[in-house]
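Descriptive structure summary
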Amino acid sequence: TPIAVLISGRGSNMRALIEACERPDYPARIALVLSNRPDAVGLEVARAAGLQTIAIDHKPFGKDREAHERKVDAAIRASGAQIVCLAGYMRVLTPFLVNSWEGRMLNIHPSLLPAFPGLHTHEAALTAGAKEHGCTVHLVTAGVDEGPILGQAAVPVLADDTPDTLAARVLEQEHVLYPSILSKFISDQ
Ligand code: GRF
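Analysis parameters
Residues numbered from 1 in each chain as written. Predicted model: local features only at pLDDT ≥ 70, side-chain atom pairs only at ≥ 80, totals over all residues. UniProt positions renumbered as here; feature names shortened; annotations may be inferred. Helix = DSSP H or I, 4+ residues; strand = E, 2+ residues; numbered from the N terminus. Buried ≥ 20, exposed ≤ 12 C-beta atoms within 10 Å, placed from the backbone. Contact = placed C-beta atoms within 7 Å. Core = buried A, V, L, I, M, F, W, Y, C linked by C-beta atoms within 7 Å. Axes fitted to C-alpha atoms, helices over the stretch in contact; angles between N-to-C directions. Parallel < 35°, antiparallel > 145°, perpendicular 65-115°, else oblique. Left-handed = near helix turned anticlockwise from the far one by under 90°. Nonpolar A, V, L, I, M, F, W, Y, C, P; charged D, E, K, R; others polar. Pairing = 2+ DSSP bridges. Near = placed C-beta within 6 Å.

Labelled according to an unreviewed UniProt entry, the protein chain appears under the name Phosphoribosylglycinamide formyltransferase, originating from Gluconobacter thailandicus NBRC 3257. Quoted straight from UniProt, the Catalytic activity (unreviewed entry) entry for the protein chain says "N(1)-(5-phospho-beta-D-ribosyl)glycinamide + (6R)-10-formyltetrahydrofolate = N(2)-formyl-N(1)-(5-phospho-beta-D-ribosyl)glycinamide + (6S)-5,6,7,8-tetrahydrofolate + H(+)". Entered under Function (unreviewed entry) in the UniProt record, the comment concerning the protein chain runs "Catalyzes the transfer of a formyl group from 10-formyltetrahydrofolate to 5-phospho-ribosyl-glycinamide (GAR), producing 5-phospho-ribosyl-N-formylglycinamide (FGAR) and tetrahydrofolate."

Below you can see the structure in the form of structure tokens.
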């Protein structure tokens, strides 16, 4: 199954998906890596892996989020992708893109949703005194970080954790969870 991976930055989850897709028994292949930031480090990683990449900068579109998304949507469709994986894609989506890929767009979020939606999840988990934290792969719906949960992985919160040490422990699990849930999602279709 051809997929598109949408990133904005470092792209470590994208890299985990690339590595999974290199396994002969894995049910997805990456048709496109798309970034809204032309300088995303992840784009270089994807190019080095020989993947098709495109940057569609959101800045020239100003406040017209949908105009940007129409370009993004067209690029995804042109690639032949049938599933979209958001992987650190730091844009709030309008109903246009959400509806365009309804039931076929996945996101990874660094918390055990419904706890700690939005940004700065590791800091929020520490502030709340959470004993457990983790990550969630979910379907994307109109509400940010609110779609049906496809899978989660938990890690303990340790007494001496900082947002950075906790983030690193969660990220390790993200890299396992995302490929695993995507594979299940495709097999269940
Ligand atoms: C990850 O923590 C992901 O869960 C969140 O943004 C971060 C992206 O990291 N949505 P990377 O670009 O995949 O390294």
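Further remarks concern the UniProt feature "site: Raises pKa of active site His" (unreviewed entry) in the protein chain. Using the residue numbers shown here, the UniProt feature "site: Raises pKa of active site His" (unreviewed entry) corresponds to D145. When you line up the elements, D145 lands in the loop between β6 (132-139) and β7 (149-156). You can call D145 partly exposed: it has 17 C-beta atoms within 10 Å. In contact with D145, not counting residues within four places along its chain, are H109, L113, P117 and G118.

What follows covers the nonpolar core. With 46 residues, the main nonpolar core has V5, L17, V84, C85 and A87 as its most contacted residues. The element that contributes the greatest number of residues to this core is helix α6 (residues 163-188), accounting for seven residues. In this view, V84 contacts A4, L6, I76, W101, R104 and M105; residues no more than four positions away in its chain are not counted.

The next subject is the packing of helix α1 (residues 12-21) against α6. At a minimum axis separation of 9 Å, α1 and α6 run at an interaxial angle of 45°. Put simply, α1 runs oblique to α6. The element α1 and its partner α6 pack so that their crossing is right-handed. Contacts between α1 and α6 pair S12, N13, A16, L17 and A20 from the former with L171, E174, H175, Y178, P179 and L182 from the latter. Split into classes, the residues belonging to the contact of α1 with α6 amount to seven nonpolar, three polar and one charged.

Burial of strand β2 (residues 29-35) is extensive: five of the seven residues sit out of reach of the surface. Bridge count for strand β1 (residues 2-7) against β2 is six bridges, and the pairing is parallel. Within β2, the residue paired with I3 across the bridge is I30. Pairing between β2 and strand β3 (residues 53-55): three bridges, direction parallel. Its bridge partner lying in β3, S35 is registered against A55.

Below, the discussion takes up the site of the ligand. If you check the shell around the ligand, you find 16 residues, and the closest are R10, S12, N13, G88 and P110. Counting only elements with at least two residues in the shell around the ligand, the list comes to α1, β5 (105-109) and α6. It is α1 that contributes the most residues to the shell around the ligand, three residues altogether. When grouped by side-chain class, the residues that make up the shell around the ligand number seven nonpolar, seven polar and two charged.

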